[in-house]
Amino acid sequence: MRTESTTSRRLPLLALLAALALSGSALADGMPFPPYMYEMYETDQIAYIDHDADTDTEELHILPVFRGDATDFAWVVPTPSVPVVAESNDQIFWQCAQLSAPVYRNRDSFWGCQDNYYDTIALPGNEDGVTIYSHDLVGIYDVLVLGASDAAALADSLTAWGYLHEDNVDAVLPVLEAYVTDGWSFTAMRISEEAFGGQEYWYGGVDPVKFTFASEEIVYPMRISAQGSAETCDVVLYVVADHRMTFDDARTDYANRLTADELAAVRHQYSILGSMLDEGDFITKLSRTFTPAEMNEDLVLERASSDEEFKQVHYSGVPITLGLLMAVGVGLQALKRRRRRD
């Protein structure tokens, strides 16, 4: 795999999260010089996507990043079709971060070449314009999968169930209308106090969730995120597909097609992630910072212009070759001065 160097410090890595913390609790903030695997600690949104072009199926794993009272956590995820919602594993994100992390080298080294029914919310039956497909406990989350033919009815239901409130329902309604018009489904999630163990305050990543749904394209819902976003939103997206992928203004932090030997090494070192990958899969890590105004469309990922591979390499120290050339130059200058004196 080809490697490249970079001369500048990395800006904070971006994260991708199809989430809306409607309670208004803050997401993670940023800092100018990120540490190793920064996205696991201080990102706004982070996700892992695996798209199967043969079956037109997308598997979207999201690691919610949340700060505030656990009971205030409210999350709505739109998807192009009715999803199957299941628990994910946070090790997927840790292992993705490790696998794609920049390589740090000293220049001198180059010399020589589950689903149980759980009812905690007083839910009405299906109302005109809103369909409840399922209501389950998934890990620590009380999960509703919904369909809607009327955005106003959907907004009323979400407000009654505690996902919306008077301060944001007017702003969210146009977004809901757009999704309803496109025929999308909605997954509404809250943290179950009983399943969460009674912890009142939380900061950082909550348990990840997996959404599996039919989609010909690789999509990521961004429009709904604008309503709960700060002035800027840092996004990281790991994409597994047949080819190197990209989206508008995305930065590629890692790109590699897995050979048989590489897959064996990944499965040995990163067992959870490795079990989800196959030989020939192309892994792309994409990042970007968004403002709320830039979240006016959902992301539709496209094939990059080439399948060129890439891994960041940060160099430190002075190369021995350069040091020797400098020493030779100084020596020649000293010799010339000596001859002149003679």
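My aim in this report is to walk through the structure given alongside it, one point at a time.

### Focus: the sheet that holds strand 13 (residues 218–220)
Here's step 1: Across the sheet, which stays open at both edges, the 3 strands sit in the order 13-18-15 with antiparallel pairing between neighbours. The outermost strands of the open sheet, each flanked by one partner alone, are strand 13 and strand 15 (245–246).
Here's step 2: The sheet contact formed by strand 15 and strand 18 (residues 299–303) spans 2 bridges and is antiparallel. Paired with Met245 across the strands is Arg303, a residue of strand 18.

### Focus on helix 1 (residues 91–100)
Here's step 1: Extensive coverage of helix 1 is indicated by the burial of 7 of its 10 residues.
Here's step 2: Among the residues of helix 1, Ile92, Phe93, Gln95, Cys96, Ala97, Leu99 and Ser100 are the ones counted as buried.

### A few points about the sheet that holds strand 9 (residues 141–148)
Here's step 1: One open sheet holds the 4 strands; their spatial order is 5-10-9-8, and the pairing between them is antiparallel. Only two strands of the sheet have a single neighbouring strand rather than two, namely strand 5 (74–79) and strand 8 (130–138). Shown here is a sheet whose adjacent strand axes are inclined to one another by a mean of 20°, direction ignored.
Here's step 2: Of the pairings in the sheet, the one linking strand 9 to strand 10 (residues 185–191) comprises 6 bridges and is antiparallel in character. Following the sheet pairing, Asp142 is matched in strand 10 by Arg190.

### Details of the side chain of Gln95
Here's step 1: Along the chain, Gln95 turns up in helix 1.
Here's step 2: Judged by its relative accessible area of 8%, Gln95 is buried.
Here's step 3: Apart from residues no more than four positions distant in its own chain, Gln95 is found in contact with Tyr270, Ser271, Ile272 and Leu273.

### A few points about the nonpolar core
Here's step 1: With 36 residues, the main nonpolar core has Leu60, Trp75, Tyr141, Phe211, Val239, Phe290 and Leu301 as its most contacted residues.
Here's step 2: Per-element accounting of this core gives the leading share, 5 residues, to strand 14 (residues 233–241).
Here's step 3: Once you skip the residues sitting within four places of it in the chain, Leu60 turns out to touch Ala47, Tyr48, Ile49, Val209, Lys210, Phe211, Phe213 and Tyr220.

### Let's talk about the packing of helix 2 (residues 151–160) against helix 3 (residues 169–181)
Here's step 1: One can describe the packing of helix 2 onto helix 3 by two numbers: an axis separation of 9 Å at closest approach and a directional angle of 130°. Taken as axis vectors, helix 2 and helix 3 run oblique relative to one another. As helix 2 packs across helix 3, the resulting crossing turns out to be right-handed. Counting all contacts with helix 2, which are made through Ala151, Ala152, Leu154, Ala155, Leu158 and Thr159, the residues of helix 3 involved are Val169, Leu173, Leu176, Glu177 and Val180.
Here's step 2: By residue class, the composition of the contact of helix 2 with helix 3 is 9 nonpolar, 1 polar and 1 charged.

### A closer look at unusual backbone geometry
Here's step 1: Although it is not a glycine, Asp56 adopts a positive phi angle of roughly 55°.
Here's step 2: Mapped onto the fold, Asp56 is located in the loop between strand 2 (45–52) and strand 3 (57–62).

### Remarks on the pattern of salt bridges
Here's step 1: If you walk through the whole model with that rule in mind, you get 8 salt bridges.
Here's step 2: Here Arg223 makes a salt bridge to Asp298, at a shortest N to O gap of 2.7 Å. Of this pair, Arg223 sits in the loop between strand 13 and strand 14 while Asp298 sits in the loop between strand 17 (282–290) and strand 18, and the two are 75 residues apart along the sequence. For the pair shown, Arg223 and Asp298 are each scored as buried.
Here's step 3: Across the pair Arg267 and Asp278 runs a salt bridge whose closest N-O atoms are separated by 3.9 Å. Note that Arg267 is positioned in helix 5 (residues 260–269) and Asp278 in the loop between helix 6 (271–274) and strand 17, a separation of 11 residues in sequence.
Here's step 4: Under the relative-accessibility criterion, Asp278 is labelled partly exposed at 46%.
Here's step 5: A single salt-bridge network, built from bridges that share partners, covers Asp182, Arg223 and Asp298.

About the criteria used
- Every chain is numbered on its own, with residues counted from 1 as its sequence reads.
- pLDDT decides what is reported in this predicted model: residues at 70 or higher carry local features, side-chain atom pairs at 80 or more are listed and counted, and totals for whole chains, interfaces and linings draw on all residues regardless.
- Side-chain metrics rest on all non-hydrogen atoms present in the structure, leaving aside hydrogens and water.
- Paired strands are those between which DSSP finds at least two bridges.
- Every helix listed is a DSSP run of H or I at least four residues long, and every strand listed is a run of E at least two residues long, numbered separately from the N terminus.
- Type-normalised accessible area, obtained with a 1.4 Å probe on protein chains alone, sets the label of each residue: buried when under 20%, exposed when over 50%, and partly exposed for intermediate values.
- To obtain each axis, a line is fitted to C-alpha atoms, and for helices this fit is confined to the stretch in contact; angles are then taken between N-to-C directions over 0 to 180 degrees.
- Whether two residues are in contact is decided by their heavy atoms: any pair within 4.5 Å suffices.
- Here the nonpolar core consists of buried residues drawn from Ala, Val, Leu, Ile, Met, Phe, Trp, Tyr and Cys, with membership extended through side-chain atoms lying within 4.5 Å.
- Should an angle lie under 35 degrees it is considered roughly parallel, over 145 roughly antiparallel, and from 65 to 115 roughly perpendicular; all remaining angles are considered oblique.
- Two helices crossing with the near one rotated counterclockwise from the far one by less than a right angle form a left-handed crossing, whereas a clockwise rotation gives a right-handed crossing.
- Asp, Glu, Lys and Arg are counted as charged, while Ala, Val, Leu, Ile, Met, Phe, Trp, Tyr, Cys and Pro are counted as nonpolar; the rest, among them Gly, fall into the polar class.
- The working definition used for a salt bridge is a side-chain nitrogen of Lys or Arg within 4 Å of a carboxyl oxygen of Asp or Glu.

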